[in-house]
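Remarks on the overall topology
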Amino acid sequence: FIIKFCKVRDEKVAGANGNKRNSNARRRVRKLSPREQLELKKKLRKKEKKSVIIKRAITAAFLTMLILVLLVGVYLFSFISSLNNNDIISASKPGVNETVNILLLGMDIGDAENTANSSARRTDTMMLINYNPRTDAINLVSIPRDTLIEVENAHDGNGNLIPYWKMNAAYVLGGEKEVIQQVESLLSIKVNYLVEIDYAAFRNLIDAIGGVEMYIDRNMYYDDDAQDLHIHFNAGETVLLDGKKAEEFFRWRKNNDGTGLAEGDIGRIKNQQAFISEVIKKCTSPAIITKIPSILKAIKENVVTNMPGSSMIYYGMKMINNSGVSMATLQGDNEKIYGQDFLVMNPSYNKNLLKSLQITSDINNSIDRSKYSIMILNATRVNGLAGNLKIELENIGYRNISVGNYDRSKESEILINKKDVRKILSEDTGINKYSKNKKDEYKSYDAVIIIGEDYLTFND
């Protein structure tokens, strides 16, 4: 239809304007020899035909883009108007310039014999997406399922009053309200929106984006007939994970023979964050535009949320346009309570992470921090401090930051290669000790931040 429309239009244009061009051409042709006249006529016809083809192609491309825009508009309107948000706790809309916190819950089936029994479902995966509208920074914080929480008036199956529970039991004990309350208490934030995704929804979403390629760095062999879960991946292979395979990769922690991730759930979270990084890469590539209708359809049919469709699209676009999403995991100490392993959140391990989730209003915004190249080295026994500090610095404008480990050190210090960065970093980190960098391996950085044991007591 488009090609036929273009052809009819161009024939009319050619009829109106062609005579004048041909008349001028004929006047020029009369001065040439018969052979030259013939060659010139051929060239003119060829040129005119090429011009018509180009015009048709441009018009067809324009109309095709217009139709695509209209179709996407129809999908977006349908998505916004029919998002599943009827049977869920009310949202808490953020104020102007307030940070936005979206709690993402990955739900397991709970009761394998009765999957419709939602009261038995647990939160197998829990992540907080934090967006700062003043800096456009996005943080993704994973909360381990074994994190200790305190629940008032909660009883076990025998009627015994039990005050301490694992985070993944919060949904069973008090539903969405209890989960939100516990997360807000842990992170000292206000949860604005809730998004619940079960594994069926997860599979459909991954299938909608066309799967994700992942490198498998270890053997993953696990079979659980009760859950109909069968995981078989070989170390060293790169696999295009469809929805089903992605679920298997996302859930794996150990093999049937007991081998697996030494860190248990913390190790699984690292795998999940690596997978999410690949999902973000795929969703931010130009090719994803052709999959938008199937993605929106998968969300509409499978995801339960109290977030308006328009807000989901808005924050989704923010994530796509963002230069990077910072990922961190809540840190704590391993303790045994009731004979079970718990992760007890330690505020001193997480103070920079917790600070990064708040709106930063007291920094000097006149400084262009994006021009500095920084290396952060963790010289403590606590994992994750360098990554948490990286998030905090990115939230106030730094963009070129690398992280690594360093020999144990009691004192924190800044090694300087560029003089003007010393005062700025001292103000932004609270580290006042500094010296000139003499290490060749860090010469390419403007400064190197060494996090020592004393850093755990900063700002206490």
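Before reading further, recall that the structure is shown in the block above.
Description of the structure in this document. It should be emphasised that the depicted structure is a prediction, and the values quoted were computed from it without experimental measurement.

Some words on the overall build of the chain
- Counting secondary structure elements, the chain contains 11 helices and 19 strands.
- Within the chain, the fraction of its 460 residues that count as buried is 43%.
- Sequence separation of at least 24 residues holds for 69% of the intrachain contacts in the chain that already meet a minimum separation of 6.
- In the structure as shown, the chain presents an accessible area of about 25,400 Å², 52% of it carried by carbon and sulfur atoms.

Quick look at the pairing of strand β3 (residues 137-142)
- With six of six residues buried, β3 is to be regarded as a mostly interior element.
- In β3, alternate side chains face the same way, and those of A137, N139 and V141 on one face and I138, L140 and S142 on the other are all buried.
- Where strand β2 (residues 123-132) lies against β3, six bridges are found, and the strand directions are antiparallel. Within the sheet, the bridge partner assigned to L128 lies in β3 and is V141.
- Alignment of β3 against strand β12 (residues 326-329), held across four bridges, turns out to be parallel. The residue of β12 that forms the bridge with S142 is T329.

Some remarks on the pairing of strand β15 (residues 373-378)
- For β15, the tally of buried residues reaches six of six residues, placing the bulk of the element in the interior.
- Alignment of β15 against strand β16 (residues 400-405), held across six bridges, turns out to be parallel. Bridged to L377 within β16 is G404.
- In the classification by handedness, the crossover that spans β15, the intervening helix α10 (residues 385-395) and the parallel β16 is right-handed.
- Inspection of the sheet shows β15 paired to strand β19 (residues 447-451) by five bridges, in the parallel sense. Bridging from a neighbouring strand, L377 pairs with I450 of β19.

A short note on the environment of M307
- Within the element layout of this structure, M307 appears in the loop between β11 (304-305) and α8 (309-321).
- Among the residues examined, M307 registers a relative accessible area of 2% and is labelled buried.
- C-alpha separation for the pair M307 and K93, spaced 214 residues apart in sequence, amounts to 9.0 Å.

About the thresholds
Residues numbered from 1 in each chain as written. Predicted model: local features only at pLDDT ≥ 70, side-chain atom pairs only at ≥ 80, totals over all residues. Heavy atoms only, no water. Helix = DSSP H or I, 4+ residues; strand = E, 2+ residues; numbered from the N terminus. Buried < 20%, exposed > 50% of the residue type's maximum accessible area, 1.4 Å probe, protein only. Contact = heavy atoms within 4.5 Å. Areas by Shrake-Rupley, 256 points an atom, 1.4 Å probe, with all protein chains shown as cover. Pairing = 2+ DSSP bridges. Right-handed = clockwise from strand over helix to strand, strands pointing away.

Geometric descriptors of this kind do not, in isolation, establish any biological role.
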